[in-house]
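# Architecture and fold: a report
Spelled out from the first residue to the last, the chains are:
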Amino acid sequence: MKVTTNAARLVRQVLAGEIWPPLADRHAYRVGPDGQPFLLPGMGGVTLDVHCGDPATGYASDHLEPGASIRHRDPGANMALQFLTCVGNQVRVVSGPAAGATGHVIGQHAYVLADFADFTDAGTGTGTGTDAAGLTTGDAVTVLAVGQGLALPDHPRVVVKNCDPDLLAAMPGGTRPDGRLEVHVAARVPAEAIGAGAGMASEYANTDLMGAYAGLGADLSLGLEGLRIGDLVALADADHRYGRGYRPGYLTIGVISTGQCMMFGHGPGPSTLLSGPASAFCLVDDLDANLAAWLHPQPAEYAPDQAVVP
Amino acid sequence: MTPAGPGDQAGPLRLVTVNLLGAVVHPALDGSPYRIDRDGRPYVPAGDGGIVLGLELGDSVFALDADHAAPGACLVHPDPAARHALAAYACVGNEVRVRTGAAAGARGVVLGKRGEEGRVIAGFAPADLARLRPGDEVSVRARGQGWRPPGLPPEVAVMSLDPGLVPMLPIGLPAPGASAQTAAVTVSVRVTVPSKLAGNGIGRPAAAWDLDLQLPPPGPGGAGDPALRDIALGDLVAVSDLDARYNMGYRRGWVTVGIVVHGASPLPGHGPGITPLLTGPAAALQVNADAAGHVGLTATALRLQ
């Protein structure tokens, strides 16, 4: 994105986390839109099958989190990890058989979510070397956090959230002659779709989108079943500058970081990247507006040997 | 509120009544006194939980510069699981009785509930409320979950509603044995709001959470839709295209009716909150919005004066 930023003034911090297990309780089942009980994987741990560019829906899954789900064991340190980590930040595995594997943050979902370019096909076993398919619960990772505080001096009405400066630089668009910020998006989302996550901080978790329950009733659909993991989307009438709320005339740009949900009122979720008055933006509909185009292959500056050197 | 009667049944099953223990909760803040409002301004949240004096059923949800203020006292249980049970089983209209402290013996009524960790909102006569203190124990006579009035259309769900409260609310239940054409529930509400205004609470279990409506305070000079501006505590309000049978979520053609249980909030994604009571397809749950004439739940009807 061709836009002036304060990226040179941002600090980079080395943060630690570990791959956190899926969590359940002894009652096992949760409840779907029509009261159907379900027990489905997808949240927590390492999910192998789904990556940026893949469909977000259409899986036997709930709260599908692509790749690795990461937390810190200490509650205060965990909130810092969740708040300071930005989409596009580098993640490096530092323990276990996949040590050395390097991936990128694709979003937040009460876990930091990291996708890796070098996952082998699902079901091929434990993986070897830097193959991220060898990741599992408890493996330690290092996150190179940079991006909170990123600002666009030529667009003072637009607030940037959770966005690595290198990701912003890799995105198409930028400052237009008319002064607006051009942003490419793969989908536009109506205000009716905003589900769980409304009212929460925009630096934590994400905003579930309803109306994307592939295979369920037509009366539940808002036409969002075609979303893909990593898609940039525009949320209509959403103001995420200081939290997440409905505000007519505002616009929020997010990246779809989670997928299929069976739980009602939930669904594929965008992590917030940009928010401001709609008049400050010029949206370009572009099906290629997806993290897969910008994070994989890895940019040269993300070479593991250079990444964590202070 | 009333002894079990012949209609006080869950289909063919009789309701059970459970005495629950709650304690009046103290407001709680984390290390910072500030929250950030929808315009990015820090504010100190007053009125979010605990005992709020001077706010009554019938007052506007915008009457006070407060955050989620409820008309009465919020009750919790110190054990997290028992606290969720208190919030899940308590029903609007359940009688409560203060057991300890200066207000011991005072009678109150459950007005609603709030989500997250779970809170029950209990209303009292103003003189009794003023004698309450955080930590006072309150017994809740919980009854209503599982209730299905005879004749209720099968696609309509009722929740968190004490059967004895129905005569005090503008809810018309179909007569048992009514034909399919006439077997609809009719409800008078202050206003119907579109589902895109549904904020915090969406995606959460309706029987144990409230749903915040993203209504900012009226602008200077009372700007904005008068019907939205005049919503009062205790009003019934409908939300279109919202299914609240289990978790709350978007479903085209449905409607959910709730009772307004707390006032506005400066937080983005928050606002006046309803405790859902009825949900169903719009054809079976017929809502009549009466912005000027609507009368919801009142302190007079509850004998809380």
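Cut-offs and rules
- Residues numbered from 1 in each chain as written.
- Chains lettered and ligands numbered in written order.
- Predicted model: local features only at pLDDT ≥ 70, side-chain atom pairs only at ≥ 80, totals over all residues.
- Heavy atoms only, no water.
- Pairing = 2+ DSSP bridges.
- Helix = DSSP H or I, 4+ residues; strand = E, 2+ residues; numbered from the N terminus.
- pLDDT = per-residue confidence, 0-100.
- Contact = heavy atoms within 4.5 Å.
- Core = buried A, V, L, I, M, F, W, Y, C linked by side-chain atoms within 4.5 Å.
- Buried < 20%, exposed > 50% of the residue type's maximum accessible area, 1.4 Å probe, protein only.
- Salt bridge = Lys/Arg side-chain N within 4 Å of Asp/Glu carboxyl O.
- Arc of directions from axis to C-beta.
- Polar contact = N/O pair within 3.5 Å; in protein donor to acceptor, adjacent residues only side chain to side chain.
- Phe/Tyr/Trp six-rings, centres within 6.5 Å; stacked < 30°, edge-to-face > 60°.
- Lys NZ or Arg CZ within 6 Å of the ring centre and 35° of its normal.
- Buried area = accessible area lost by both parts, 1.4 Å probe.
- Nonpolar A, V, L, I, M, F, W, Y, C, P; charged D, E, K, R; others polar.

### Notes on the sheet that holds strand β19 (residues 285–289) of chain B
Residues and elements named next belong to chain B.
- Strand order across the open sheet formed by three strands is β12-β13-β19, with mixed pairing between neighbours. For this open sheet the edge positions go to β12 (171–172) and β19, each flanked by a neighbour on one side alone.
- As judged from the two bridges shared by β12 and strand β13 (residues 185–189), these two strands associate in the antiparallel manner. Within the sheet, the bridge partner assigned to Gly-172 lies in β13 and is Thr-186.

### Concerning the confidence of the model for chain A
All names here are of chain A.
- With 91% of its residues at a pLDDT of 70 or more, chain A shows a mean pLDDT of 90.
- Below a pLDDT of 50 lies the segment residues 121–129, which in the model reaches 11 contacts outside its immediate sequence neighbourhood of four places, other chains included.
- Segment residues 297–310: pLDDT under 50, and 24 contacts once partners within four positions in sequence are set aside and those in other chains are kept.

### Focus: the nonpolar core
- Formed by 90 residues in total, the largest nonpolar core has its most connected members in Val183(A), Ile253(A) and Leu274(A).
- Filtering out sequence-adjacent residues up to four positions away, Val183(A) remains in contact with Met1(A), Leu232(A), Ile253(A), Leu274(A), Phe281(A), Cys282(A), Leu283(A) and Val284(A).
- Core analysis: the second largest hydrophobic core is formed by 36 residues, Ile121(B), Val257(B), Leu278(B) and Leu297(B) among them.

### Here we look at the pattern of salt bridges
- Scanning all chains against the criterion turns up 26 salt bridges over all chains.
- Asp235(B) is the partner of Arg190(B) in a salt bridge, and the nearest nitrogen-oxygen pair spans 2.7 Å. You can see Arg190(B) sitting in the loop between β13 and β14 (192–193) and its partner Asp235(B) sitting in the loop between α3 (226–229) and β16 (236–243), a full 45 residues away along the chain. Asp235(B) matches Arg190(B) in its accessibility class, with the two residues each being buried.
- Several salt bridges converge on common partners, so that one network encompasses Asp239(A), Arg241(A), Arg247(A), Asp37(B), Asp39(B) and Arg41(B).

### Structural notes on helix α1 (residues 80–89) of chain B
All names here are of chain B.
- Within the span of α1, buried status applies to Arg-83, Leu-86 and Ala-87. One side of α1 holds all its buried residues, which, seen down the axis, span an arc of 90°.
- Of the surrounding secondary structure, the elements contacted by the buried residues of α1 are β3 (18–24), β6 (73–76), β8 (107–114), β9 (119–124) and β10 (137–142).
- If you check the start of α1, you find a side-chain oxygen 3.1 Å away from the backbone N of Ala-81, and it comes from Asp-79.

### Re unusual backbone geometry
- For Ala28(A), which is not glycine, the phi dihedral falls at a positive 65°.
- Looking at the secondary structure, you find Ala28(A) in the loop between β1 (13–19) and β2 (30–31).

### Considering the confidence of the model for chain B
Residue and element names in this part refer to chain B.
- Per-chain confidence: chain B averages 93 in pLDDT, with 94% of residues scoring 70 or above.
- In this model, residues 2–6 is a region of pLDDT below 50 whose contacts with residues beyond four sequence positions or in other chains number five contacts.
- Both scores are given for the predicted complex: the pTM is 0.91, the ipTM 0.87.

### What to know about the packing of aromatic side chains
Residues and elements named next belong to chain A.
- Applying the stated rule across the entire model yields two aromatic pairs over all chains.
- Here the aromatic rings of Tyr-213 and Phe-264 are separated by 6.0 Å at their centres, their planes lie at 40°, and the arrangement is tilted. Separated by 51 residues along the polypeptide, Tyr-213 in the loop between β13 (187–189) and β14 (232–239) and Phe-264 in the loop between β15 (245–258) and β16 (269–277) bring together distant segments of the chain.
- Judged by its relative accessible area of 2%, Tyr-213 falls in the buried class.
- Here Arg-247 stacks its cationic end above the ring of Tyr-250, 5.2 Å away from the centre of that ring.

### Observations concerning the interface of chain A and chain B
- Counting residues at the interface gives 32 residues for chain A and 27 residues for chain B.
- When the buried area of chain A at its contact with chain B is split by residue, Tyr242(A), Tyr246(A) and Phe264(A) rank highest and sum to 27% of it.
- The tally of links between chain A and chain B comes to four salt bridges.
- A salt bridge links Asp219(A) to Arg251(B), with the nearest nitrogen and oxygen atoms 3.2 Å apart.
- The tally of links from chain A across to chain B stands at 15 residue pairs in polar contact (both at pLDDT 80 or more).
- Residue contributions to the side of chain A that touches chain B peak at three residues, all from β15(A).
- The residue makeup of the side of chain A that touches chain B, split by class, is 15 nonpolar, 10 polar and seven charged.

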